[in-house]
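Chain by chain, the residues run as shown.
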Amino acid sequence: MSQLIVLGSVNADHVLQVPSFPRPGETLHGHNYQVIPGGKGANQAVAAARLGGDIGFIACVGDDSFGQNIRQTFTNDGMDISAVHMIENTPTGIAMIQVSDCGENSICIAAEANNALTAEIVEQHSAMIEQAEYLLMQLETPLAGIELAASIAKVHGTQVVLNPAPARSLPDALLAMVDIITPNETEAEVLTGVAVTDADSAAKAAQVLHDKGIATVMITLGAKGVYLSEQDTGKIIPGFKVKATDTTAAGDTFNGAFVTGLLEGKAIENAIVFAHGAAAISVTRFGAQTSIPSRDEVEQFIAAQ
């Protein structure tokens, strides 16, 4: 059985580069249209696999050509796909992504096959979760499956890492089962009601999450780095400065790399630096899974800083 189980979404990302985001009623000329493998779950799983993680993936894809091909791609990246289900007469999830010239992105998603990742399917793979060291999840699939996976992990001592994206409010019962949570500023505000703008406000938001039972809170602050809070002490772990081309997979690459670092026995701060390096490389490239680096690339990048 795999040490890391990722449960989450798979999308076909339809990506268009644009000079800026259009206003309502405005038409802009874009360029460099591509269909790129994406989805928060798949991105995090691929990041972990490429960086050397021992990983299994629980997901649903459609029976379209993209869904058929992506399963083979996952295998080529070195992950166990025995729990990647193909849903009949259903398209794989899609994301419509605009990437502006300054590297920011605007995304609309349609769940499609991802909606089939129900509690019933999660239950079929409970043994994978029970025997793993870590379970990594996001919020692009049905909440009932996420809650069941967390409860299975909690009973069997599997560490639960939740990247609460896209932003939404969550029941306290789910948060109480999370060991490590990794929101960005927006997601932290949705979960806590605290607007996160700096280290002080990040500390207040982190305390709200600690009070809900989460031992380790990591609030990602974009170019400023990550605010790490555990055992009533918090500090910012700075990131690396690079010129961003496309930030689509930055958070997902960070999460997959971070848990891979933990699996290798890295101290949490060292795992965060490793994840910063992987995310920094990813934003200099175009697309989601096309931007995720190899382990050698990350180690060489960090050594050069």
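Reference entry: report on the structure contained in this document.

Definitions and cut-offs
- Residues numbered from 1 in each chain as written.
- Predicted model: local features only at pLDDT ≥ 70, side-chain atom pairs only at ≥ 80, totals over all residues.
- Heavy atoms only, no water.
- Helix = DSSP H or I, 4+ residues; strand = E, 2+ residues; numbered from the N terminus.
- Rg over C-alpha atoms; globule rule 2.2 N^0.38 Å.
- Contact = heavy atoms within 4.5 Å.
- Areas by Shrake-Rupley, 256 points an atom, 1.4 Å probe, with all protein chains shown as cover.
- Lys, Arg positive; Asp, Glu negative; His and termini not counted.
- Charge placed at Lys NZ, Arg CZ, Asp CG, Glu CD.
- Expected span 1.5 Å × (residues − 1).
- Buried < 20%, exposed > 50% of the residue type's maximum accessible area, 1.4 Å probe, protein only.
- Phe/Tyr/Trp six-rings, centres within 6.5 Å; stacked < 30°, edge-to-face > 60°.
- Pairing = 2+ DSSP bridges.
- Axes fitted to C-alpha atoms, helices over the stretch in contact; angles between N-to-C directions.
- Core = buried A, V, L, I, M, F, W, Y, C linked by side-chain atoms within 4.5 Å.
- Salt bridge = Lys/Arg side-chain N within 4 Å of Asp/Glu carboxyl O.

### Looking at the overall build of the protein chain
From N to C terminus, the protein chain includes eleven helices and 13 strands. In terms of C-alpha radius of gyration, the protein chain reaches 18 Å, essentially the compact-globule figure of 19 Å for 305 residues. Across its three principal axes, the protein chain shows a C-alpha extent of roughly 50 × 40 × 40 Å. Taking as baseline every contact in the protein chain between residues at least 6 positions apart, the subset at least 24 positions apart corresponds to 67%. Accessible surface computed for the protein chain: about 12400 Å², of which carbon and sulfur atoms make up 50%. Once the 15 positive and 34 negative side-chain charges of the protein chain are each reduced to a mean point, those two points are 7 Å apart.

### Here's the deal with helix 10 (residues 268–282)
Compared with the 21 Å implied by 1.5 Å per residue over 15 residues, the 21 Å span of helix 10 between its first and last C-alpha is a close match. Counted residue by residue, helix 10 has twelve buried out of 15 residues, so it is predominantly covered. Every buried residue of helix 10 is accounted for by Ile 268, Ala 271, Ile 272, Phe 274, Ala 275, His 276, Gly 277, Ala 278, Ala 279, Ala 280, Ile 281 and Ser 282. Close packing links the buried residues of helix 10 with strand 11 (216–220), strand 12 (226–230), strand 13 (233–237), helix 9 (250–263) and helix 11 (295–304).

### Describing the environment of Gln 131
Tracing the chain through its elements places Gln 131 in helix 4 (residues 126–131). C-alpha of Gln 131 to C-alpha of Phe 286: the two residues are 155 residues apart in sequence and 36 Å apart in space. In contact with Gln 131, not counting residues within four places along its chain, are Met 1 and Ser 2.

### Observations concerning the packing of aromatic side chains
The tally for this structure, following the rule as stated, stands at three aromatic pairs. Seen in terms of ring centroids, Phe 57 and Phe 74 are 5.5 Å apart; in terms of plane orientation they differ by 80°. Their pairing is edge-to-face. Here Phe 57, found in strand 4 (residues 55–62), pairs with Phe 74, found in helix 2 (residues 65–76); they are 17 residues apart in sequence, far enough to count as distant. Relative accessible area serves as the criterion here: at 0%, Phe 57 is assigned to the buried category. When its relative accessible area of 0% is taken as the criterion, Phe 74 is described as buried.

### With respect to the sheet that holds strand 7 (residues 105–110)
With mixed pairing, the four strands of this open sheet are ordered in space as 3-2-6-7. Single-partner strands in this sheet number two, and they are strand 3 (31–38) and strand 7. Adjacent strand axes in the sheet meet at a mean angle of 20° when their direction is disregarded. Pairing between strand 2 (residues 11–18) and strand 6 (residues 93–100): eight bridges, direction parallel. Within strand 6, the residue paired with Val 15 across the bridge is Ile 97.

### Side note on the nonpolar core
In terms of nonpolar packing, the biggest core is built from 47 residues, with Leu 4, Phe 57, Phe 74, Met 79, Met 218, Phe 258 and Ile 272 touching the most fellow members. With nine residues, the top contributor of residues to this core is helix 10. Contacts of Phe 258, omitting those with residues within four sequence positions, involve Ile 180, Met 218, Ile 268, Ala 271, Ile 272 and Ala 275. Among the nonpolar cores identified, the runner-up in size contains 44 residues, and Ala 150, Leu 174, Leu 175 and Val 194 belong to it.

### A short note on the pattern of salt bridges
Under the counting rule described, the total for this entry stands at ten salt bridges. As a salt-bridge pair, Arg 23 and Glu 26 come within 3.8 Å of each other at their nearest N and O atoms. On the accessibility criterion, Arg 23 (58% relative accessible area) is exposed. What makes Glu 26 partly exposed here is its relative accessible area of 28%. Bridged by salt links that share partners, the residues Glu 264, Lys 266, Arg 295 and Glu 299 form one connected network.

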